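# Overview (structure and organization)
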Amino acid sequence: MSTVIYYCLQPVIYGLALLPFRLLYLLSDVMFLLLYYVLSYRKKVVMTNLRASFPDKSEAELQRIGKDFYRYLCDMFLETFKTLTISREEMVKRCSFTPETVELFNKLAANNKSAVLVMGHKGNWEWAGNTFSILCKQQLYVIYHPLGNKRFNDLMIHMRTRFGTRLIAMQDTFREMVKNRHEVNATAFIADQSPQPSTAQWVPFLHQDTPVFKGTEKIAQKMNSPVVYVSVNRVKRGYYTVVATMLVEDPSAAAEGDITVLHTRKLEKDIIEEPATWLWSHRRWKHKRPQAA
C-alpha cells in the first residue's frame, strides 16, 4: 500500500517542485487557510508552547505569532519540495551566507580543521544545507532520522543530496565521523529535538526545564572538532540568510555540559528575536525531568 501511495503522490510532488515561486506561495496561502482555520493542525500544541515560552506577552501577541508560524510552516513545507528542481544560482540567491560566514568556513578549511555544526529547527534548515554544499569547501554531512517508508526516504535523500551534501543516519553518527576523520568536513546536528529524559542534559530554555541531547557535545569533544553555531534567519518571504559563529574552538578543554548550554542559549536568543520561524508544532516539552531517587 505504501508503494501505491508513493507512486500516486510522486507526480504531485514533482508538480509542486516545478511551480514558479509566485504560484508556490499562492498555494501556500491556500494551505495556510486550510491548516489554520479548518483543520486547526496542532493548534493546541502550538499555543501551549507559545504561552509557556513567552509568559510576558499578551494573548493577542501570542495569537499573532501563532498565525505567523503557520504561514511560515506552509511556506517551508513547499520550499522543501522546491529543492527537487531549484538551480544552484537560485539556491544561493534565496538562502545566502553572510561574507563573515563564508570566511569562517574558508579559514577552517585552510587550517585543515573539520567542524561540528549545531543548529535548530528554525528558518529553512533544508536550504541552508544545500547552500553550504554549494559555497563551502568542506564536505557536509547531515545527521538525520531515516523515514520508515523506503521510497519516501529515498526521495528525501535525493532532495538533500542534490548539491553534494551526504547524510548519516543518527545511529551511525560516531562510527561514520571516525571513518571520515581524515577528510576536512563539517557535520551538522539539529539539536532541539526531544531526547529521552534519562540520557538528557536539563537546561532552562524559554522559561522551561528542557531536556537537550548531550550527543553533539560528546562527539565534538571526542573528535576535538570546533563547534560552530548556525543561525538561519528569514529576511522576507522565500529568502533566508545564514550566519555562522564560532562557539567553541577547543571542545576538549570545555567543562562537561558547557557546550550544550552554549548552543541552547544561542538558539533561545534566535527564537526570541524571530519567534515565528521556529517549529512550535513540535512537542518539545513532552518529557519531564525524572525525580531523584
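Higher on the page you've got the structure.
Just so it is clear, the structure is predicted and the values come from calculations on it, not from any experiment. (Residues numbered from 1 in each chain as written. Predicted model: local features only at pLDDT ≥ 70, side-chain atom pairs only at ≥ 80, totals over all residues. Heavy atoms only, no water.)

## A few points about the packing of aromatic side chains
- All chains considered together, the criterion is met by 19 aromatic pairs.
- Summarising the aromatic geometry, the rings of Tyr-6 and Tyr-7 are spaced 5.2 Å apart at their centres and angled 75 degrees between planes, so their arrangement reads as edge-to-face.
- A ring pair is formed by Phe-21 and Trp-127, whose centres lie 6.2 Å apart and whose planes are at 90 degrees; its orientation type is edge-to-face. With a gap of 106 residues between them, Phe-21 in helix 2 (residues 21–38) and Trp-127 in helix 7 (residues 125–135) connect regions that are remote in the sequence. (Phe/Tyr/Trp six-rings, centres within 6.5 Å; stacked < 30°, edge-to-face > 60°. Helix = DSSP H or I, 4+ residues; strand = E, 2+ residues; numbered from the N terminus.)

## So, the pairing of strand 8 (residues 227–236)
- Strand direction decides the pairing type here: strand 2 (residues 115–119) and strand 8, joined by three bridges, are parallel. By the bridge assignment, Leu-117 is partnered in strand 8 with Val-228.
- Of the pairings in the sheet, the one linking strand 8 to strand 9 (residues 239–248) comprises nine bridges and is antiparallel in character. Along strand 9, the bridge assignment pairs Val-228 with Met-246.
- Linking strand 8 back to strand 9 in an antiparallel pair, the connection comprises two residues, with Gly-238 at a positive phi of about 85 degrees. (Pairing = 2+ DSSP bridges.)

## Thoughts on the state of the cysteines
- Under the defined criterion, the tally for this structure stands at zero disulfides.
- With no disulfide of its own, Cys-74 lies closest to Cys-95 among cysteine sulfurs, the gap being 19 Å. (Disulfide = S-S within 2.5 Å.)

## Some thoughts on the sheet that holds strand 4 (residues 166–169)
- The strand order 1-9-8-2-5-3-4 describes an open sheet built from seven strands, whose pairing is mixed. Edge positions in the sheet fall to strand 1 (95–97) and strand 4, since each has one partner strand and no second. Each strand axis lies, on average, 30 degrees off the axis of its neighbour in the sheet, ignoring direction.
- Bridge count between strand 2 and strand 5 (residues 185–190): five bridges; the pairing is parallel. Considered in strand 5, the bridge of Val-118 is made with Phe-189.
- With respect to the sheet, helix 7 is in contact with strand 1, strand 2, strand 3 (139–144), strand 5, strand 8 and strand 9, its orientation differing from that of strand 1 by roughly 50 degrees. (Axes fitted to C-alpha atoms, helices over the stretch in contact; angles between N-to-C directions. Contact = heavy atoms within 4.5 Å.)

## Quick look at the side chain of Ser-28
- Checked against the element boundaries, Ser-28 lands in helix 2.
- According to the relative accessible area criterion, Ser-28 is buried, its value standing at 1%.
- Once residues within four sequence positions are removed from consideration, Ser-28 is found in contact with Arg-71, Cys-74, Asp-75, Leu-78 and Arg-237. (Buried < 20%, exposed > 50% of the residue type's maximum accessible area, 1.4 Å probe, protein only.)

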